[in-house]
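One-letter residues, chain by chain:
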Amino acid sequence: DGGITQSPKYLFRKEGQNVTLSCEQNLNHDAMYWYRQDPGQGLRLIYYSQIVNDFQKGDIAEGYSVSREKKESFPLTVTSAQKNPTAFYLCASSTSGRGQPQHFGDGTRLSIL
Amino acid sequence: QQQVKQSPQSLIVQKGGISIINCAYENTAFDYFPWYQQFPGKGPALLIAIRPDVSEKKEGRFTISFNKSAKQFSLHIMDSQPGDSATYFCAASKPANTGNQFYFGTGTSLTVIP
């Protein structure tokens, strides 16, 4: 079955540590997105990528970094510069073209130790 | 600035009743309006979507009503069931030089009481 796989489901970060969240899709989608979800705030865009080797900052990119070396993969690194990383992180993908929906993975919950 | 405003924040409905969630937007460049359903610990799943050239779209018990002049759209869940209890997000997207951009409402937590 085609879909988006996020791993791990739960992740714990120590102070000063960088952690990387994995996102893989086999839907052959060009575009991939990372969102942060906090209670009562909906989904906020961190980074997005429309093609391999290219990505753009979203609304809350500070303290995060991404790479897009393969079409199927869009890992997100939460750096030590992100002072409030505890959240539910969602990866999404979509095809190109107007009016196409996003499809989401099942998220990674990141907590601070 | 919230590009898509969603209300209510929470909603409690009796089984068999109608659940109504409303969203409003300002940017007339939006050309696609999806609704997502999210269960705890899961990612949002596309429920139903509409484009601004139609005023209503129905899929089973779920209907989107779209008012282009008022820049509002709403989700109606008919014959609400306990299994519909979830968080619902409206969204709007617009084309951009760097690809489609999506903007989400803050979500509505729906509880359907048996």
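Notes on the structure in this doc start here. This is a predicted model, so every value here is computed, not measured.

1. A few points about the interface of chain A and chain B
It is common to give the size of an interface as the accessible area lost on bringing the parts into contact.
Okay, step 1: Listed as interface residues are 23 residues of chain A and, on the opposing side, 20 residues of chain B.
Okay, step 2: Counting across the interface, chain A meets chain B through one salt bridge.
Okay, step 3: The salt bridge involving A:Asp106 is made with B:Lys42; its shortest N-O contact spans 3.7 Å.
Okay, step 4: Taken together, chain A and chain B are joined by six residue pairs in polar contact (both at pLDDT 80 or more).
Okay, step 5: Of all the secondary structure elements, the ones that give two or more residues to the side of chain A that touches chain B are β4 (31-37), β5 (43-51) and β9 (87-94) of chain A.

2. Description of the state of the cysteines
Residues and elements named next belong to chain B.
Okay, step 1: In total, this model carries two disulfides over all chains according to the counting rule given.
Okay, step 2: Covalent S-S linkage joins Cys23 and Cys90, the inter-sulfur distance amounting to 1.9 Å. Residues Cys23 and Cys90 are joined through a disulfide that is left-handed, its torsion about the S-S bond being -95°. One end of the pair, Cys23, is in strand β3 (residues 19-25); the other, Cys90, is in strand β9 (residues 86-94), with 67 residues separating them in the sequence. Residues Cys23 and Cys90 agree in their burial class; the two are buried.

3. Some thoughts on the pattern of salt bridges
Residues and elements named next belong to chain A.
Okay, step 1: Tallied over the entire structure, the rule returns seven salt bridges over all chains.
Okay, step 2: Close ionic contact of Lys71 with Asp30 constitutes a salt bridge, the shortest N to O distance being 3.3 Å. Taken together, the residues Lys71 in the loop between β7 (64-66) and β8 (76-78) and Asp30 in the loop between β3 (19-25) and β4 connect sequence positions 41 residues apart.
Okay, step 3: Overall, the relative accessible area of 24% leaves Lys71 in the partly exposed class.
Okay, step 4: A salt bridge links Arg36 to Asp38; the shortest N-O distance between them is 2.8 Å.
Okay, step 5: The structure contains a network of salt bridges with shared partners spanning Arg36, Asp38 and Arg44.

4. Structural notes on the sheet that holds strand β8 (residues 72-77) of chain B
In a beta sheet, neighbouring strands are held together by backbone hydrogen bonds and run either parallel or antiparallel to one another.
Residue and element names in this part refer to chain B.
Okay, step 1: Across the sheet, five strands lie side by side as β1-β3-β8-β7-β6; this open sheet has antiparallel pairing. Strand pairing shows two members of the sheet lacking a second neighbour, β1 (4-7) and β6 (56-59), which therefore form its edges. Strand after strand, the sheet turns through a mean of 15° between neighbouring axes, direction not considered.
Okay, step 2: Bridge count for β1 against β3 is four bridges, and the pairing is antiparallel. Paired with Gln6 across the two strands is Cys23, which belongs to β3.

Calculation notes
- Residues numbered from 1 in each chain as written.
- Chains lettered and ligands numbered in written order.
- Predicted model: local features only at pLDDT ≥ 70, side-chain atom pairs only at ≥ 80, totals over all residues.
- Heavy atoms only, no water.
- Contact = heavy atoms within 4.5 Å.
- Salt bridge = Lys/Arg side-chain N within 4 Å of Asp/Glu carboxyl O.
- Polar contact = N/O pair within 3.5 Å; in protein donor to acceptor, adjacent residues only side chain to side chain.
- Helix = DSSP H or I, 4+ residues; strand = E, 2+ residues; numbered from the N terminus.
- Disulfide = S-S within 2.5 Å.
- Buried < 20%, exposed > 50% of the residue type's maximum accessible area, 1.4 Å probe, protein only.
- Pairing = 2+ DSSP bridges.
- Axes fitted to C-alpha atoms, helices over the stretch in contact; angles between N-to-C directions.

This is a description of form; function is not addressed.
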